[in-house]
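Residue-level structural notes
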Amino acid sequence: MKYLEEFSDPQLARRLLDQIHATVTRPWALMEVCGGQTHSIIRHGIDQLLPEGIEMIHGPGCPVCVTPLEIIDKALEIAAREDVIFCSFGDMLRVPGSKHDLFRIKSEGSDIRLVYSPLDALKIAKENPQRQVVFFGIGFETTAPANAMTVYQAERLGIENFSLLVSHVLVPPAIAAIMESPSCRVQGFLAAGHVCSVMGTREYPALAERFEVPIVVTGFEPLDILEGIRQAVVQLESGRHEVQNAYRRAVPEDGNPVAKEMLRDVFEVTDRAWRGIGSIPRSGWRLSERYRRFDAERRFAVADIHTDESSVCRSGEVLQGLIKPNECAAFGKQCTPRNPLGATMVSSEGACAAYYQYRRLDLLPAGASR
Amino acid sequence: MCLAVPGKVVHLRDEDDTRMAEVDFGGVRKDVCLQYIPDVELGDYVIVHVGFAIQRLDESSARETLASFENLGYLEEEFGDQLALARRQAGMDEESTAGKGELP
């Protein structure tokens, strides 16, 4: 595939690493916002190749992980209805709700279907006019255009048995919330490249200025990540705090204007609870008034939900970058991808899953049998 | 699910007045909605997320970035502070060598 191998070239990676080593004179803590970047960093061992003192703090950019428990419980309630075909991306299946997960109720007979794209769910709705088809619309700005287009198409094609259970979240308010936290240690951000492919970079200079923090729009291949880190530490070492774009091949300054127009039409900004983090003002999208009739929460009038979060799981602290996954006592013991206590152990973008998948041997105490 | 991957547009069509494409990801082909990048042509590379092309992959930017990596450090080696470079290569930072004075 185009520009995947090229941006993994080991010789160029060495060159970038040498530059980072030559630049750094003191410790810095950087946060990669996106869970896809976390996985790339852990998978390629990038954090271990950096100069001592350069710490990568893993951010909250795993949409599966931050989807609030209340919405998961609502999804479980809606999916269990006999008149519903519930469609979802695969990684939501094993995310723990208060009592169980979608996988469990699927095995008990609920009609839950995994789809690659929300348009697949719309197709299912078209083919099953006698059933209600609900798509679990979660994700950051990257995913929102797909869900927006699907709702737009549902209206345009008159597919009224389709609805969306929406829980979209936004990156810039999360960056602000992280910087405002009293326990914040982050000194520079690698911003999520594909979020910016959609939204562009214009939301970020105000944040860089307000919090005096460098923000580097960063891609996902090893060289992209190293270049993001390099640009961030060059700024930090010279006392600058600007927005830079280290992912130009996929991020024009304006993002995708067509997609942004659709987002403005279909969604409106709302306060949103983030699992493990808490409520962040104006940090999400819900359907706009014009499309509100496609809102599954409204259509199914889900009753009061009493959520019950695991008392053992520390995924909230992981999502805020306060602890590393392997500092949690349950990590790799009670909590594994097979029996996840928190969403961070489930998702392909969760930090706990990344640590488990790529570093599991590091976790065993010395002398333990493998 | 947040993964977005580049692929090559190999077939274009309209479906229910919606612009669609078949996109090749290194041998795996998927149906992709092109409504957000309406002017894509056959052979273009697009970045695809959950069945939607969200951005065109700009090949000239990609080449420029790779070329800038190739050149990284060369200018500094050529025009930079050679002594600072030598110190760093020797594992000595500025402080540890400061105050020791010039060798006679």
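A brief report on the enclosed structure follows. (Residues numbered from 1 in each chain as written. Chains lettered and ligands numbered in written order. Predicted model: local features only at pLDDT ≥ 70, side-chain atom pairs only at ≥ 80, totals over all residues. Heavy atoms only, no water.)

Overview of the pairing of strand β3 (residues 84-88) of chain A
Residue and element names in this part refer to chain A. The element β3 is largely enclosed, with a buried count of five among its five residues. On β3, burial covers both faces: V84, F86 and S88 on one face and I85 and C87 on the other are all buried. Alignment of β3 against strand β5 (residues 132-139), held across four bridges, turns out to be parallel. Residue pairing for β5: C87 is matched across the bridge by F135. Inspection of the sheet shows β3 paired to strand β4 (residues 112-114) by three bridges, in the parallel sense. Of the residues in β4, the one forming a bridge with C87 is R113. (Buried < 20%, exposed > 50% of the residue type's maximum accessible area, 1.4 Å probe, protein only. Helix = DSSP H or I, 4+ residues; strand = E, 2+ residues; numbered from the N terminus. Pairing = 2+ DSSP bridges.)

A few points about the interface of chain B and chain A
In this complex, chain B contributes 42 residues to the contact, which on the side of chain A involves 50 residues. When chain B packs against chain A, close to 4,000 Å² is buried across both sides, 65% of that on carbon and sulfur atoms. The interface formed by chain B and chain A holds one salt bridge in total. The shortest N-O distance in the salt bridge between D16 of chain B and K126 of chain A comes to 3.1 Å. Taken together, the links from chain B to chain A amount to 14 residue pairs in polar contact (both at pLDDT 80 or more). Contributing elements (two or more residues each) for the side of chain B that touches chain A: β1 (5-15), β2 (18-25), β3 (28-33), β4 (45-49), β5 (52-56), α1 (59-71) and α2 (74-79) of chain B. Of the residues that constitute the side of chain B that touches chain A, the class distribution is 21 nonpolar, nine polar and 12 charged. (Contact = heavy atoms within 4.5 Å. Buried area = accessible area lost by both parts, 1.4 Å probe. Salt bridge = Lys/Arg side-chain N within 4 Å of Asp/Glu carboxyl O. Polar contact = N/O pair within 3.5 Å; in protein donor to acceptor, adjacent residues only side chain to side chain. Nonpolar A, V, L, I, M, F, W, Y, C, P; charged D, E, K, R; others polar.)

Some points on the sheet that holds strand β11 (residues 278-287) of chain A
Residues and elements named next belong to chain A. Here six strands make up an open sheet; going across it, the order is β4-β3-β5-β6-β11-β10 and the pairing mixed. The strands lining the two open edges of the sheet, one partner per strand, are β4 and β10 (267-274). Strand-to-strand twist of the sheet, defined as the mean angle between neighbouring strand axes without regard to direction, takes the value 25°. Both strand β6 (residues 162-169) and β11 contribute to a ladder of two bridges, which runs antiparallel. Across the sheet, residue H168 finds its bridge partner in β11, namely W285. On the sheet, helix α5 (residues 69-79) packs against β3, β4, β5 and β6 and is oriented at approximately 170° with respect to β6. Across the sheet, helix α9 (residues 171-180) touches β6, β10 and β11, and the angle it forms with β11 is around 175°. (Axes fitted to C-alpha atoms, helices over the stretch in contact; angles between N-to-C directions.)

Concerning the packing of helix α7 (residues 118-127) of chain A against helix α8 (residues 144-157) of chain A
Residues and elements named next belong to chain A. α8 packs onto α7 with a crossing angle of 25° between their chain directions and a minimal axis gap of 9 Å. For the element pair α7 / α8, the angle class is roughly parallel. Between α7 and α8 lies a crossing whose hand is right-handed. Seen from α7, the contacting residues are P118, L119 and L122; seen from α8, they are A146, N147, T150, Q153 and A154. (Parallel < 35°, antiparallel > 145°, perpendicular 65-115°, else oblique. Left-handed = near helix turned anticlockwise from the far one by under 90°.)

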